[in-house]
Amino acid sequence: MAVSTVKFILNGQTHNLNYNSSTGKYTAVITAPSTTSWNQTNHKYAGQITATDEAGNVSVATISDFSSLGLRVLEKMKPAVSVIYPTNGAMLATGTPTIQWTVTDTGSGINRDSITLSIDNGTPITISAITTTAITNGYTCTHVVSTALSEGNHTLRFNVQDNDGNNSDTATVTFMVDLTPPVLVVTSPTDNLITNQSTVTVSGTSNDSSQTAVTVTVKVNSGEPKSLAVVDGAFSDTVTLTEGENTLTFVATDAAGRTTTVTRTVVLDTVAPSILNVTLTPNPVDAGATYTVSVT
């Protein structure tokens, strides 16, 4: 009995196959599913063939009969890398930062073993030195730098593959390690200054080895810190004192958060001395003789 129809069923779609007399085979050109087969059993879509003869008899072949009925479909979308820390252009006050980033893929998923991180031009750091925590469609990745980075600029490069072999675009972050606190020189007031003026000039210079901006504040006793404008590395302003001993605390902070502190003690004394008693002895005194002045 002659074959009437041959059909191929895959992913819920039925396709009619046409007989090719020159090859003796039933064939069809079919568009593959738009999504990866990675999440299917054995990472393949399971196809099925049904052949019907003119009498209505039906034969069915499944992947259990022919392994070739399993269709592997590869996605073409790249996985994504997003850097959490450090951010691009960051200033770090440590040479052993904890680096954190995410890798995600909405199709076949992330190939965890392919996660890599490169520091500067060093050998890529692989999954054995990276901690991963599962998130939706991927992982949050963490690596703690064990060998301290030198002071200066550094570049991180992140890469990953999905389970279909697509490579991510390389994510790149450049940051600076600043291990040196800023320089802070206070030229005014001098330490242990005694004055009867209720305000005093605070001035000096501050700079940082990384050539980045430095902020300077001054606090009188337990008051609120006052910001001092730093122009070309120098600052100058005035602060108000309270009667008695005052502690002026200067703090310079660089872009990495490192600080340098200088303190000055200034005494404000606005009370004039009291003259309680004066004696001239002897009084009267002979001309040309000496006498003593005694003051309390």
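Here the structure is shown first, and the text comes after it.
Residues numbered from 1 in each chain as written. Predicted model: local features only at pLDDT ≥ 70, side-chain atom pairs only at ≥ 80, totals over all residues. Heavy atoms only, no water.

Asker: Residue-level account of the overall build of the protein, with values.
Answerer: If you tally the helices and strands in the protein, you get zero helices and 25 strands. What you see for the protein is a C-alpha radius of gyration of 41 Å, clearly larger than the 19 Å of a compact globule of 296 residues, by over 25%. Dimensions along the principal axes, computed over C-alpha positions, put the protein at roughly 165 × 35 × 30 Å. A buried classification covers 34% of the 296 residues belonging to the protein. When contacts within the protein are restricted to residue pairs at least 6 apart in sequence, those whose partners lie at least 24 apart make up 60%. Looking at the protein as shown, the accessible area adds up to about 17400 Å², and 50% of this sits on carbon and sulfur atoms. (Helix = DSSP H or I, 4+ residues; strand = E, 2+ residues; numbered from the N terminus. Rg over C-alpha atoms; globule rule 2.2 N^0.38 Å. Buried < 20%, exposed > 50% of the residue type's maximum accessible area, 1.4 Å probe, protein only. Contact = heavy atoms within 4.5 Å. Areas by Shrake-Rupley, 256 points an atom, 1.4 Å probe, with all protein chains shown as cover.)

Asker: Which residues make up the packing of aromatic side chains, and what values do they have?
Answerer: The geometry of an aromatic ring pair is captured by the separation of the ring centres together with the interplanar angle, meaning the angle of the planes. Overall, the coordinates contain three aromatic pairs when judged by the stated rule. Judged by centre distance (5.0 Å) and plane angle (50 degrees), the rings of tyrosine 19 and tyrosine 26 are tilted. Considering the side-chain rings of phenylalanine 235 and phenylalanine 250, the 6.4 Å spacing of their centres and the 40 degrees angle between planes classify their relative orientation as tilted. Of this pair, phenylalanine 235 sits in strand E21 (residues 234–240) while phenylalanine 250 sits in strand E22 (residues 244–253), placing them 15 residues apart in sequence. Of the two residues, phenylalanine 235 and phenylalanine 250, both sit in the buried class. (Phe/Tyr/Trp six-rings, centres within 6.5 Å; stacked < 30°, edge-to-face > 60°.)

Asker: Report on the side chain of asparagine 166, specifying residues and quantitative values.
Answerer: Structurally, asparagine 166 is set in the loop between strand E14 (152–159) and strand E15 (171–177). Its relative accessible area of 11% is what places asparagine 166 among the buried residues. Looking at asparagine 166, its side chain comes within polar contact range of the main-chain oxygen of glutamate 75, at 2.8 Å. Only 3.4 Å separates the side chain of asparagine 166 from the backbone oxygen of methionine 77, close enough to count as a polar contact. Discounting residues that sit within four places of it in the chain, asparagine 166 has contacts with Glu75, Lys76, Met77, Lys78, Pro79, Val160 and Gln161. (Polar contact = N/O pair within 3.5 Å; in protein donor to acceptor, adjacent residues only side chain to side chain.)

Asker: Outline the nonpolar core, supporting the account with residue identities and numerical values.
Answerer: Counting 23 residues, the largest nonpolar core has Ile99, Trp101, Val103, Ile115, Phe158 and Phe175 as its most contacted members. Looking at this core, the elements with two or more residues in it are strand E10 (98–104), strand E11 (116–119), E14 and E15. Per-element tally for this core: the top contributor is E15, with four residues. Not counting residues within four places of it along the chain, the set of residues in contact with isoleucine 115 comprises Trp101, Val103, Ile110, Ile125, Thr126, Ile127, Ile130, Thr132, Tyr139, Cys141, Asn159 and Val160. Formed by 18 residues, the second largest nonpolar core is a distinct cluster that contains Val186, Leu228, Val239 and Leu241. (Core = buried A, V, L, I, M, F, W, Y, C linked by side-chain atoms within 4.5 Å.)

Asker: Just give me the short version of the side chain of threonine 260, but keep the residues and values in it.
Answerer: With respect to the helices and strands, the residue threonine 260 is situated in strand E23 (residues 259–268). For threonine 260, the side chain forms a polar contact with the main-chain oxygen of proline 182, separated by 2.5 Å.

Asker: Could you give an account of the pairing of strand E5 (residues 48–53), with specific residues and numbers?
Answerer: In the sheet, strand E1 (residues 3–10) pairs with E5 via six bridges, with the strands oriented antiparallel. Across the sheet, residue lysine 7 finds its bridge partner in E5, namely threonine 50. Note that E5 and strand E6 (residues 58–61) share four bridges and pair antiparallel. Opposite threonine 52, over in E6, you have valine 58 as the bridge partner. Hairpin connection between E5 and E6: a loop of four residues separates the two successive antiparallel strands, and glycine 56 in this loop has a positive phi of roughly 95 degrees. (Pairing = 2+ DSSP bridges.)

Asker: Tell me about the sheet that holds strand E12 (residues 131–135), and name the residues and values.
Answerer: Across the sheet, four strands lie side by side as E8-E10-E13-E12; this open sheet has antiparallel pairing. Each edge of the open sheet carries a strand with a single partner, namely strand E8 (80–85) and E12. Ignoring which end each strand starts from, the neighbouring axes of this sheet average 20 degrees apart. Bridging between E8 and E10 involves five bridges; their strand directions are antiparallel. (Axes fitted to C-alpha atoms, helices over the stretch in contact; angles between N-to-C directions.)

Asker: Give a description of the layout of surface pockets that names residues and reports values.
Answerer: Size it by volume and the largest pocket reaches roughly 240 Å³. Within the residue set of the lining of the largest pocket, elements represented by two or more residues are E1 and strand E7 (70–71). Counted by class, the lining of the largest pocket contains 10 nonpolar, four polar and no charged residues. (1 Å grid on protein atoms, 1.4 Å probe; cavity = no way out; pocket = protein on both sides within 12 Å on 5 of 7 lines; lining within 4 Å. Points joined across faces, edges and corners; volume = space filled by probe spheres on them. Nonpolar A, V, L, I, M, F, W, Y, C, P; charged D, E, K, R; others polar.)

Asker: How would you sum up unusual backbone geometry? Please name residues and give values.
Answerer: Omega for the peptide link from tyrosine 85 to proline 86 comes to 0 degrees, which places this bond in the cis form. As for its position among the elements, proline 86 is in the loop between E8 and strand E9 (91–92). Asparagine 283 connects to proline 284 through a cis peptide bond whose omega is 10 degrees. With respect to the secondary-structure elements, proline 284 resides in the loop between strand E24 (278–281) and strand E25 (292–295). If you check the backbone angles, histidine 43 has positive phi at about 65 degrees while not being a glycine. Topologically, histidine 43 is positioned in the loop between strand E3 (25–27) and strand E4 (45–46).

Function cannot be read off these values alone, since they describe shape.
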